[in-house]
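Below, each chain spelled out in residue letters.
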Amino acid sequence: MLFLKYKKSSLTKTNIFVLILLLFICSKTIGQSITYSTLTLTSDELKTAFIEDSNYFSGGNNDLPYFQSKNGNLSMRYYKSTGVIVIFDFKSKSDYISLIREIQKNAYFRFKYCTDYDEPITYNYETYNDNKIRFDFSEMRISVEYPSKVNSFLDSNSDFTTVFVCMSKGAYAFHTNLKCEGLANCDAEIAKSNIREAKKYDYRFCEICTDDE
Ligand SMILES: [Zn+2]
């Protein structure tokens, strides 16, 4: 009897400990600043986490809400394109840069993209669960595009992504970044094409465009 009683009370203690731990983990799910793991949630998980987080104000409708951290350092907004896109806007440079470093460390780098000399270069990354992360350094903004049926259809047709080819005889690569160093020394015309077409003529994906160094 005494043993049972002891066991019961120790269980309760464990329960309280687990509860506190859970509360601690939950309150850490998003917090005032977000981490890389936040970017690997699904768009619905992200929405729920923000709604339940007392550090954030929310508005808009349930389908396309927006959120703002109470310290004003972070705001994000849901958009609908072919799939769901969430744009994260940062006020704090250190928050922004530390998240960029985490992305560079943990996500799979796809390619740099730029189709106009006046445009900033967009860095394209992908999480293990196919969330597509994009950012450029012209503003403190990170966008995440979530997988959808339409998007996976478009991905299978990513052959039509714009690329550039130097028309000189020795050139062997195609570039997604018009400002790529590999194109800088091109003394012939630079032709605009797409991945499918470029591959057809035996051009290979440029190593500089697919390297985030
Ligand atoms: Zn290149």
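Residues numbered from 1 in each chain as written. Predicted model: local features only at pLDDT ≥ 70, side-chain atom pairs only at ≥ 80, totals over all residues. Heavy atoms only, no water.

1. Things to note about the sheet that holds strand 1 (residues 56–60)
Sheet strands associate in pairs through backbone hydrogen bonding, adopting either a parallel or an antiparallel arrangement. The strand order across the open sheet formed by 8 strands is 1-2-3-4-8-7-6-5, and the pairing between neighbours is antiparallel. The outermost strands of the open sheet, each flanked by one partner alone, are strand 1 and strand 5 (108–113). With strand direction ignored, the average angle separating the axes of adjacent strands in the sheet is 20°. Pairing of strand 4 (residues 84–90) with strand 8 (residues 141–145) involves 5 bridges; the strand directions are antiparallel. From the neighbouring strand, isoleucine 85 faces strand 8, where its bridge partner is glutamate 145. The sheet contacts of helix 4 (residues 93–106) involve strand 4, strand 5, strand 6 (122–126), strand 7 (132–135) and strand 8, and relative to strand 8 the element is tilted by about 40°. (Pairing = 2+ DSSP bridges. Helix = DSSP H or I, 4+ residues; strand = E, 2+ residues; numbered from the N terminus. Axes fitted to C-alpha atoms, helices over the stretch in contact; angles between N-to-C directions. Contact = heavy atoms within 4.5 Å.)

2. Some details on the nonpolar core
Residues Ile34, Leu39, Phe88, Ile103, Ile133, Phe135 and Ile142 are the most contacted members of the largest nonpolar core, which totals 27 residues. Broken down by secondary-structure element, the contributors of at least two residues to this core are helix 2 (36–39), helix 3 (43–52), strand 3 (74–80), strand 4, helix 4, strand 6, strand 7 and strand 8. Within the second largest apolar cluster, 6 residues are counted, among which are Val163, Val165, Ile195 and Ala198. (Core = buried A, V, L, I, M, F, W, Y, C linked by side-chain atoms within 4.5 Å. Buried < 20%, exposed > 50% of the residue type's maximum accessible area, 1.4 Å probe, protein only.)

3. Structural notes on the packing of aromatic side chains
Counted under the stated rule, the structure contains 13 aromatic pairs. Each ring, one from phenylalanine 50 and one from tyrosine 56, has its centre 5.0 Å from the other, and the planes form 65°; the classification is edge-to-face. Look at phenylalanine 50 and you get buried, because its relative accessible area is 1%. For tyrosine 56, a relative accessible area of 6% gives the class buried. Seen in terms of ring centroids, phenylalanine 174 and phenylalanine 205 are 5.0 Å apart; in terms of plane orientation they differ by 40°. Their pairing is tilted. (Phe/Tyr/Trp six-rings, centres within 6.5 Å; stacked < 30°, edge-to-face > 60°.)

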